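Observations on the three-dimensional arrangement
Here are the chains, one letter per residue:
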Amino acid sequence: MHSERAPLGLKIAAFAGLAFLHLPIILIFVYAFTTEDRSYQWPPPGLTLKWFGVTWNRPDVWASLGLSLKVAAVSTVIAIALGTLCAAAVSRAKFFGRESISLLVILPIALPGIITGISLRSAFNLGDIPFSTLTIVLGHATFCIVVVYNNAVARFRRLSGSLVEASADLGANSFQTFRHVILPNISTALLAGGMLAFALSFDEVIVTTFTAGQQQTLPIWMLEELVRPRQRPVTNVVAMVVVLVTFLPILGAYYLTRGGTETAGGGK
C-alpha cells in the first residue's frame with residue numbers, strides 16, 4: 001500500500017513555492033499600514049490606518065477606479081456574448097476551417113501583451129479612431145473573449161446532444177431550446193468565464209497602455225504613482241483593492257467550475 005502522507009521534502013518544497021508566490025503580496029498589505037511615506041523600510045517603523053483615509057479622499061483614485069470598473073464590466077458583457085457565440089459555432093457544428101478559427105480565437109491571449117497592444121494601436125491609428133474608453137474596451141475584449149470561449153466550449157462539448165434533439169422533437173424553436181435547455185446547462189461556465197474576464201480586464205496594464213490615450217485605469221494610475229511617487233503607502237492601499245477585486249471573481253470562478261467534470265444532461 002502507498003502511504004497517503006506526502007514526504008516531508010515535498011511538503012517543504014510546496015510551502016517554499018507558496019511562500020515565493022505570496023510573500024510579495026503580503027508585503028504590499030503590510031506597507032499599506034506603514035507610517036513611513038517616502039521609502040520602504042523593513043520592518044516598518046510603525047503602523048497606522050492613516051493612508052486609508054488619505055486614499056478615500058483622493059479624487060484621482062476614484063476616477064481611475066470608476067474607469068477600471070466601467071471598462072471591465074463592458075468588456076465582460078462583450079466577451080460573454082461573442083465568446084458564447086464562437087463556442088457554440090465551434091462545438092456544435094462542423095465546417096471547413098473550424099480548428100483554424102478556434103486557434104485564431106485563442107491567439108490573442110497566447111501572444112505577448114505588447115504585441116497585441118502595438119497591433120491595436122496601429123489599427124486604431126489607421127482607422128482614425130480617437131483613443132477613449134471605447135478603444136480600451138475593444139482592447140480588453142480581445143483577450144476577455146478567449147476566457148469565456150474556453151469555459152463555454154468545454155461545457156458545450158459536454159452537453160448531451162440528445163437534450164437538444166428532444167427539445168426539437170417536442171416542438172421547441174431554436175430560441176426556446178437555447179433558453180430552457182442549453183443556457184441552464186452552460187450558465188455556470190459563462191458566469192465563471194465572465195468573472196475571470198472581469199478580473200483580467202480590471203488589472204490589465206500592457207494593452208491598456210497602448211489603447212488608453214490620456215485616460216488612466218487603476219493599474220495605469222498605480223504605474224504612474226510608482227514612477228513619480230507622492231505618497232507611497234497610498235499606492236499600496238490601492239494595490240490591496242486591486243488584489244481583492246481580482247481575487248474574489250477568480251475564487252468564485254474556481255468554485256463554480258470545480259465540480260463541472262460531469263457531462264451536462266448525461267443520464268437524463
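Summarised in this report is the structure supplied together with it.

Calculation criteria
Residues numbered from 1 in each chain as written. Predicted model: local features only at pLDDT ≥ 70, side-chain atom pairs only at ≥ 80, totals over all residues. Heavy atoms only, no water. Helix = DSSP H or I, 4+ residues; strand = E, 2+ residues; numbered from the N terminus. Buried < 20%, exposed > 50% of the residue type's maximum accessible area, 1.4 Å probe, protein only. Contact = heavy atoms within 4.5 Å. Areas by Shrake-Rupley, 256 points an atom, 1.4 Å probe, with all protein chains shown as cover. Polar contact = N/O pair within 3.5 Å; in protein donor to acceptor, adjacent residues only side chain to side chain. Expected span 1.5 Å × (residues − 1). Bend = angle between axes of the 7 residues up to and from the residue. Salt bridge = Lys/Arg side-chain N within 4 Å of Asp/Glu carboxyl O. Patch = residues over 30% accessible without salt bridge, like charges linked within 9 Å, V, L, I, M, F, W, Y side chains within 5 Å. Core = buried A, V, L, I, M, F, W, Y, C linked by side-chain atoms within 4.5 Å. Axes fitted to C-alpha atoms, helices over the stretch in contact; angles between N-to-C directions. Parallel < 35°, antiparallel > 145°, perpendicular 65-115°, else oblique. Left-handed = near helix turned anticlockwise from the far one by under 90°. Nonpolar A, V, L, I, M, F, W, Y, C, P; charged D, E, K, R; others polar. Phe/Tyr/Trp six-rings, centres within 6.5 Å; stacked < 30°, edge-to-face > 60°.

Attention now goes to the overall build of the protein. Each helix and strand in the protein was counted, giving 11 helices and 0 strands. When its helices and strands are written in sequence order, the protein yields α-α-α-α-α-α-α-α-α-α-α. In the protein, which comprises 268 residues, the proportion classed as buried is 36%. Sequence separation of at least 24 residues holds for 74% of the intrachain contacts in the protein that already meet a minimum separation of 6. Surface summary for the protein: the accessible area is close to 15600 Å², and the carbon and sulfur share equals 68%.

Among the structural elements, His140 can be located in helix 6 (residues 133–158). By relative accessible area, which is 1% here, His140 ends up buried. In terms of polar contacts, His140 uses its side chain to reach the side chain of Thr208, at 2.7 Å. Every residue in contact with His140, bar those within four places of it in the chain, is listed here: Val71, Ser75, Ser201, Glu204 and Thr208.

Before going further, it helps to spend a moment on unusual backbone geometry. Positive phi, close to 55°, is recorded for Asp128, a residue that is not glycine. Here Asp128 lies in the loop between helix 5 (113–126) and helix 6.

With 24 residues, helix 1 (residues 8–31) should cover 34 Å at 1.5 Å per step; its first-to-last C-alpha distance of 33 Å lies within 8% of that length. Largest kink in helix 1: about 40°, centred on His22, with the proline Pro24 one to four residues after it.

So, on to the pattern of salt bridges. As enumerated under the stated definition, the model contains 1 salt bridge in all. Taking the shortest distance from any N to any O, the salt bridge between Asp60 and Arg58 comes out at 3.0 Å. For Asp60, a relative accessible area of 22% translates into the label partly exposed. Judged by relative accessible area, which is 8%, Arg58 ranks as buried.

Moving on to a nonpolar patch on the surface. Where nonpolar side chains cluster on the molecular surface, the patch consists of Leu104, Leu107, Leu111, Ile114, Ile115, Ile118 and Ile206 and spans about 580 Å² of accessible area. Secondary-structure elements contributing two or more residues to the nonpolar patch are helix 4 (98–110) and helix 5. In terms of residues, the nonpolar patch owes the most to one element, helix 5, which gives 3 residues. Locating Leu104 in the fold gives a position in helix 4.

Turning our attention to the nonpolar core. The biggest cluster of nonpolar side chains holds 20 residues, and the ones touching the most others in it are Ala87, Tyr149 and Phe156. Those elements that place two or more of their residues in this core are helix 3 (59–92), helix 5, helix 6 and helix 8 (174–202). In terms of residue count, helix 6 provides more of this core than any other element does, 8 residues in total. Ala32, Val54, Phe202 and Leu218 belong to the second largest nonpolar core, which has 17 residues in total.

Next up on the list: the packing of helix 5 against helix 6. Following both chains from N to C, one finds helix 5 and helix 6 inclined at 140°, their axes separated by 11 Å at the closest point. By the angle class used here, helix 5 and helix 6 are oblique. In the packing of helix 5 onto helix 6, the handedness of the crossing is right-handed. Along its contact with helix 5, which presents Thr116, Leu120 and Phe124, the element helix 6 presents Thr135, Leu138, Gly139 and Thr142. Of the residues in the contact of helix 5 with helix 6, the class split is 3 nonpolar, 4 polar and no charged.

What follows is about the packing of aromatic side chains. By the definition in use, this model includes 3 aromatic pairs. On the basis of an interplanar angle of 80° and a centroid distance of 6.3 Å, the ring pair of Phe124 and Phe131 is categorised as edge-to-face. Residue class for Phe131 comes out partly exposed when judged on its relative accessible area of 25%. Measuring from centroid to centroid gives 6.3 Å for Phe198 and Phe202, while their planes differ by 15°, and the two rings are stacked. Of this pair, Phe198 and Phe202 both sit in helix 8, 4 residues apart, which is roughly one turn of that helix.

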